[in-house]
Each structure stands twice: as structure tokens, then as C-alpha cells.
Amino acid sequence: MRSRWFTKPSVIFGPRPPHSWLLLCLICVLVLIAILGSTSSSAFDSVTNTPLPDIYSNYRRLKEQAAVDYLELRTLSSGASRQKELGFCGRERENYVPCYNVTANLLAGFKNGEELDRHCEMSRPRERCLLRPPKDYKIPLRWPAGRDVIWSNNVKLTKDHFLSSGSMTKRLMLLEENQIAFHSEDGLIFDGVKDYSRQIAEMIGLGSDSEFLQAGVQTVLDIGCGFGSFGAHLVSLKLMAVCIAAYEATGSQVQLALERGLPAIIGNFISRQLPYPSLSFDMVHCAQCGINWDEKDGIFLIEVDRVLKPGGYFVLTLPMSKPHGRSSNSKRRNTVTLKEELTEKICWTLLAQQEETFIWQKTIDVHCYRSRKQDTPPLCSDGPDTSPYYHPLVGCITGTPSKRWIPIQNKSSGSQLSSAKLQVHGVQPEDFFEDLQFWGSALRNYWSLLTPLIFSDHPKRPGDEDPLPPYNMIRNVMDMNAHYGGLNAAFLEQKKSVWVMNVVPVWARNTLPLILDRGFAGVLHDWCEPFPTYPRTYDMLHANGLLSNLSSDRCSMMDLLLEMDRILRPEGWIVLSDKLGAIEMARALATQIHWEARVIDLQNGSDQRLLVCQKPFVRK
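Below or above, wherever it landed, is the structure these notes cover. Keep in mind that what you see is a predicted model, and the values were worked out from it rather than measured.

How each quantity is defined
Residues numbered from 1 in each chain as written. Predicted model: local features only at pLDDT ≥ 70, side-chain atom pairs only at ≥ 80, totals over all residues. Heavy atoms only, no water. Pairing = 2+ DSSP bridges. Helix = DSSP H or I, 4+ residues; strand = E, 2+ residues; numbered from the N terminus. Axes fitted to C-alpha atoms, helices over the stretch in contact; angles between N-to-C directions. Parallel < 35°, antiparallel > 145°, perpendicular 65-115°, else oblique. Left-handed = near helix turned anticlockwise from the far one by under 90°. Contact = heavy atoms within 4.5 Å. Nonpolar A, V, L, I, M, F, W, Y, C, P; charged D, E, K, R; others polar. Disulfide = S-S within 2.5 Å. Buried < 20%, exposed > 50% of the residue type's maximum accessible area, 1.4 Å probe, protein only. Salt bridge = Lys/Arg side-chain N within 4 Å of Asp/Glu carboxyl O. Phe/Tyr/Trp six-rings, centres within 6.5 Å; stacked < 30°, edge-to-face > 60°. Lys NZ or Arg CZ within 6 Å of the ring centre and 35° of its normal. Core = buried A, V, L, I, M, F, W, Y, C linked by side-chain atoms within 4.5 Å. Expected span 1.5 Å × (residues − 1).

**Details of the sheet that holds strand β17 (residues 608-614)**
If you walk across this open sheet you meet the seven strands as β13-β12-β11-β14-β15-β17-β16, and the pairing is mixed. The strands lining the two open edges of the sheet, one partner per strand, are β13 (521-525) and β16 (596-601). When strand polarity is set aside, the average angle formed by the axes of neighbouring strands in this sheet is 15 degrees. One ladder, built from five bridges, connects strand β12 (residues 499-505) with β13; its direction is parallel.

If you want it as C-alpha cells, here you go:
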């Protein structure tokens, strides 16, 4: 008696088919799989061997879907099950920044300002969901228009906050309907940003602020940058000015600066070191930044001394003094204390004072610290280039034994380093220049890939014109595994109007000193933790070899991709380069995050693949 599973086919096909017919069916199935395989390989053309203009010619969604189905069949055949797409978080989390939960920190016993600091260990795992943009969020204006005009609904600075601000803020900004316009001539200082910048240059002995680069000032750490106008002016002078400010529940300075396309990161001086190595910046600037520099025996100034290069400048501008009032007298006493004790304790020299602005210069004489009359603060006993990843603040002076103790006045401007300086960093010149050539070629290929995608597959918004060429569609770029900063250098060489946040993972070789010495922006970070920035603050994320190194038990690829989705703007781009296994896993996870994803086979005989994704603009 025939089994039930065989009865139904016999009704349809008649008597039991011969073995030759079964063999023919098997051959047809194999041919179909081969066709799908060839379709996928043709859909994901080579970046290097195929002429670049033809990479995505006649590209169709149907063709892409066949390749996607093929990849999913391979995933299913390996025993994995297809996961559902993730849902969206509630509106209360649209500006969520992990690791900054003041309420939880207070309950955990943090106090004296430490509750405002970064505490990732207090961030309990939450339900995995996607942060949605604010209700009236709009794609930022393209650079450089976006530097001076932003959409007010894109940031947490509301109209009420603006109207309740002081007169100087109103001079700085003009609220027109749903836009905030920044006037470059009006800034924190009454005489305007340009006059203020020129005043600083003259106080350190320069003819104008256009001579900052010739004087060795290339990188500036701007503490509490306000609305970013001073940093925007420094960027126009070809300087790299990085804003660093504390986390704010409303009216964030960091979010505002990044919305304007300016480098910024969340950080403060409360209890921990900044995630920068010693001798990182040519100038540290604080204009009304709200830090009491005389607290905790001057430990905040010691932290400034740690990140300041030899011969570098500390610029402090106090609030405009009032005729009467305790606040004014307190600030004045603070300044007097600095003037009297700073030189002897940490080997700084007060160069000049004009009204409320003071400028000190760090010594270039490494022996000055040992020849002090007082030995407080003492010299640190640790090595000069230890990794300062949110370590507690220290009350000792560091950096003096470092081979990087080179006065800023003795360095040449630009991102090219001499062979002698490369050897200071332990880098072979041939490796460095090979890396530079590789990323120059890689960036050209990236741009050739993105250009047809933007024109053919860009999710055109209703009522908008076709997008302009991609050179000004991307401004804020993050290289999540920066190595020597080669991608940043390639952007500069090809004159792309972008800046790059070069992230050096804590598990990788610490090349951040080299990156900062090239005049680039950079930071140390542990990718098992969230990045210290607000949502929707980067236009493009790039990572080479990062996925393959998620070896810690604390790390999850899905959590990393969710963090990337949090900090990426809607319609932003992701370019991941990694081994085939890691790329295929990321491709499967990307579908859960609603990303448009394409796998690119380099076809150069290596196991490397590219995963190019775009985050959609979802209005749910």
C-alpha cells in the first residue's frame, strides 16, 4: 500500500515517474542554483577589475532581490533562522544617549558632580529597538549652508529655550520659523568671533589669526564650545577644532556643533581623564565654559597640562565682569590664584592678559619640572603613552619622558610626517606610505560606488529635487577603526569637504598619538560600549576589520550595529570592509535594522568583502 506522501504526486503526474525523470529534475534544480549564483556575482561586480562607471549600470531591484534571496538561502542552509525586523523605540528615547543616566547614577551613590559623568556600567541592557527621529526632523542642509542654518526641530534646543536665553545668544542666533541661523560675525564675545580670534593671535605675538598654522597651532580643544561659532571660524582657517562639552539633557552644545557639521564629542573634567593621550593638542580654549579651575587642588589644570603639547597655549576667557557682585569677585580671585601659582607649579608662563582673556603657555623645557622650587604636583611614575581611557584624574604631571615631547613651534604644518617623526611613533615609513596609497585608491572606489547608488537608488523625498553630487552630501564621517588615519588623509588629498572622527579601538594598537600629530580629530573608544555622542550626528560610518575583532564576551555584533544606527543620520551611509563570514553575518543583521544593504565582491582572490548600507528615513 502506497504511503500518503506519494499518493498526491501520483494523482498529479500519473504513474510513478521513471528514475531518468527524477535525475532530470535534479539537474534542473542544480542549473537553477548555478543561475542564481551567477546572478549574485554579476549583481555584486568587482570594484577593482570592472570599469568603475559600469559597476551599477542597469541596476534593478529585481536583480538585487534575486541576489538577496540567494544569500538568505545560503544562510538558511548553514542552520541559521531568519530573524524578524526590529521595531521602533518610544518617542521618549528619540534623543537617548546611553551611559548618561543621572537618576541611576545618583541611586548608585555617585555625587559631587560624578553623577553627570559617563558610567556605562550603569547602563542596563534594554529591549533592542531602533531610535526614531523627532516628528518634524528634516535632512540637514548640505555643507557649507548647513554650517550657518540648521533645522530647529533636529536638535533639543527648543524655541522656549532660545527665547529664555540671554541677549548675547540672541545676537548669535536668529530663529526664523523652523530654522536657526548663525551669524558668524556675532559670537560669545561682544566684539565678534573674528575680532576675538584676532585678539588671541595678537596676544601670543602673531600679526593675525591667519598665522596660527605657521606658529604651530593646528589642533584646538574647545571646552564648552557654546554654539560652535568660534570652532566654525577656526575651521575656516584650516585648523582642527574639536568641541568637548558635558552631557546636557536639553540644549546640547555637542549636538548643536555636530548638526552644524563641526567636530564634537561628549566629555567633561569632573572625575576622569579625557580619552586622549598625553601631548595631544596645540591649544586648549575655554570661553565661559563653567569650570572652576581652582577646585580639587588644580587637578583640572593638570589634566589640561597633560593633553597640551610643549609650547602649547591655554586660553581662558571669563564672563564679562560686573561692577558689583560676589560672582565677579570669585572669578577674579580664581584668576589671581592662577596668575600667582601656575608658573611655579606646572611650568606655565602667563603670556598676556586683556580684559577678561588670559593666555598661558606651557613650557618647552622638559627639565623645568625637576627644577621647580616646589615638587607639587609631582611627576607621574607611569609610562608616557599609557592608554587614558576614562581613567581617574591624576594629580601628577605626565608626558615628560615621552619621545613626542616636541615643541609645537618646531613642527611643520600639514598631515605629512617625516620619517624621523614616524620612527618616534614606532611606524616604518614604507608601511605608512603604503597605507596612504591604499586608502587613496579605496576612497576613489568608495566614491564610485556611492555615486550611482545616490543617483539611482536615493530615496527621493516628496517635493525635493534630485540630489546633488555626493561630494557635499556627506560632512561628518567616522572611521571606526582608523589605524594610521589613512582614510582621513585620502579625504583631504581628494579635497572632499568632510572631517573625520578617527576612532582607535582600545584593543588595537594605540595609533591615536600619530593621528593627532597629523592634525586630525581622533579619540580612543571601546566598541563594546556606546559612543559618547547624540543620536543622528554622523553622515557616514566606515569600519575596516572591526567586525572580525569583536571577540569580547561583552560584545555583540547586533549591539554594535544598533549603536551605529543610533549615531547615523537618516539616509546616512555605512561602508564595512571585512572577511566574508563577518560581512555575511552583518548583511543578515542589517535586514533586521531596515538598512538597504549590498555586498560587494572585490574578486581579487582575497576573503575580503564590502558591505555598503544606507539607513532609511522612516517617519513612524
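**As for the packing of helix α8 (residues 193-203) against helix α9 (residues 229-236)**
Direction vectors running N to C along α8 and α9 enclose 70 degrees, while the axes themselves pass 10 Å from each other. Classified by the interaxial angle, the pair formed by α8 and α9 is roughly perpendicular. Note on packing geometry: the crossing formed by α8 with α9 is right-handed. Residues Val193, Lys194, Tyr196, Ser197 and Ile200 of α8 lie in contact with α9, whose contacting residues are Ser229, Phe230, His233 and Leu234. Grouping the amino acids of the contact of α8 with α9 by side-chain chemistry returns five nonpolar, three polar and one charged.

**Description of the state of the cysteines**
Evaluated as defined, the whole model comprises seven disulfides. A sulfur-sulfur separation of 2.0 Å characterises the disulfide bridge that pairs Cys89 with Cys129. Between Cys89 and Cys129, the disulfide has an S-S torsion of 100 degrees and is therefore right-handed. You can see Cys89 sitting in the loop between α3 (61-77) and α4 (102-107) and its partner Cys129 sitting in the loop between α4 and α5 (145-148), a full 40 residues away along the chain. By relative accessible area, which is 3% here, Cys89 ends up buried. Note that Cys347 is cross-linked by a disulfide to Cys368, the S-S spacing being 2.2 Å. Torsion about the S-S bond of the Cys347 and Cys368 cystine: about -95 degrees, corresponding to left-handed handedness.

**Details of the pattern of salt bridges**
The final tally for this structure, using the stated rule, is 16 salt bridges. The partner of Lys309 in a salt bridge is Asp282, and the shortest N-O contact between them spans 3.8 Å. Remark: Asp282 occurs in strand β7 (residues 281-287) and Lys309 occurs in strand β8 (residues 308-317); sequence separation between them is 27 residues. For Lys309, a relative accessible area of 6% translates into the label buried. Of the charged contacts, one joins Asp517 and Lys309 as a salt bridge, the two residues approaching to 3.1 Å between their closest N and O atoms. Remark: Lys309 occurs in strand β8 and Asp517 occurs in helix α16 (residues 512-517); sequence separation between them is 208 residues. Within this structure, Asp282, Lys309, Arg404 and Asp517 form a network of salt bridges that share partners.

**Focus on the environment of Leu417**
Topologically, Leu417 is positioned in the loop between β10 (357-362) and α13 (419-424). Taking the C-alpha atoms as reference points, Leu417 and Arg518, separated by 101 residues in sequence, lie 6.9 Å from one another. Here Leu417 is in contact with Leu422, Phe433, Leu514, Asp517 and Arg518, once residues within four sequence places are set aside.

**Some details on the packing of aromatic side chains**
Enumeration according to the criterion identifies 18 aromatic pairs in this entry. An angle of 15 degrees between the planes, with centres 5.9 Å apart, marks the rings of Phe358 and Trp360 as stacked. The exposure classification of Phe358 matches that of Trp360, with both residues buried. Seen from their ring centres, Trp447 and Phe491 are 6.0 Å apart, and the 80 degrees between their planes marks the pair as edge-to-face. You can see Trp447 sitting in helix α14 (residues 429-457) and its partner Phe491 sitting in helix α15 (residues 486-493), a full 44 residues away along the chain. Of the residues examined, Trp447 reaches a relative accessible area of 9% and is grouped as buried. Here a set of aromatic residues connected by ring pairs shows up, and it is made of Phe269, Trp293, Phe314, Trp348, Phe358 and Trp360. Its guanidinium or amino end placed over the ring of Tyr96, Arg93 lies 4.4 Å from that ring's centre, counting from NZ or CZ. Sitting above the plane of the Trp143 ring, Arg475 keeps its charged end 3.5 Å from the centroid.

**Remarks on the nonpolar core**
In this structure, Tyr276, Trp293 and Phe314 are the most contacted members of the largest nonpolar core, which totals 92 residues. If you tally residues by element for this core, the top one is helix α17 (residues 557-567), at seven residues. Setting aside residues up to four positions removed in sequence, Phe314 forms contacts with Val284, Cys286, Trp293, Leu301, Val304, Leu308, Trp348, Phe358, Ile359 and Trp360. Grouped together as the second largest cluster of nonpolar side chains are 23 residues, Val193, Ile200, Phe212 and Phe230 included.

**Re the sheet that holds β10**
Taken in spatial order, the seven strands make up an open sheet running β6-β5-β4-β7-β8-β10-β9, and their pairing is mixed. The two strands at the open ends of the sheet, each matched to only one other strand, are β6 (264-266) and β9 (348-354). When strand polarity is set aside, the average angle formed by the axes of neighbouring strands in this sheet is 20 degrees. Against the sheet, helix α11 (residues 299-307) makes contact with β7, β8, β9 and β10, and its axis sits at roughly 135 degrees relative to β8, the strand it touches most.

**Regarding helix α18 (residues 580-592)**
Between the first and last C-alpha of α18 there are 19 Å, a value that for 13 residues agrees with the 18 Å anticipated at 1.5 Å per step. Among the residues of α18, those classed as buried are Ala582, Ile583, Ala586, Arg587, Leu589, Ala590 and Gln592. Positive phi appears at His594, one or two residues downstream of α18, with a value of about 70 degrees.

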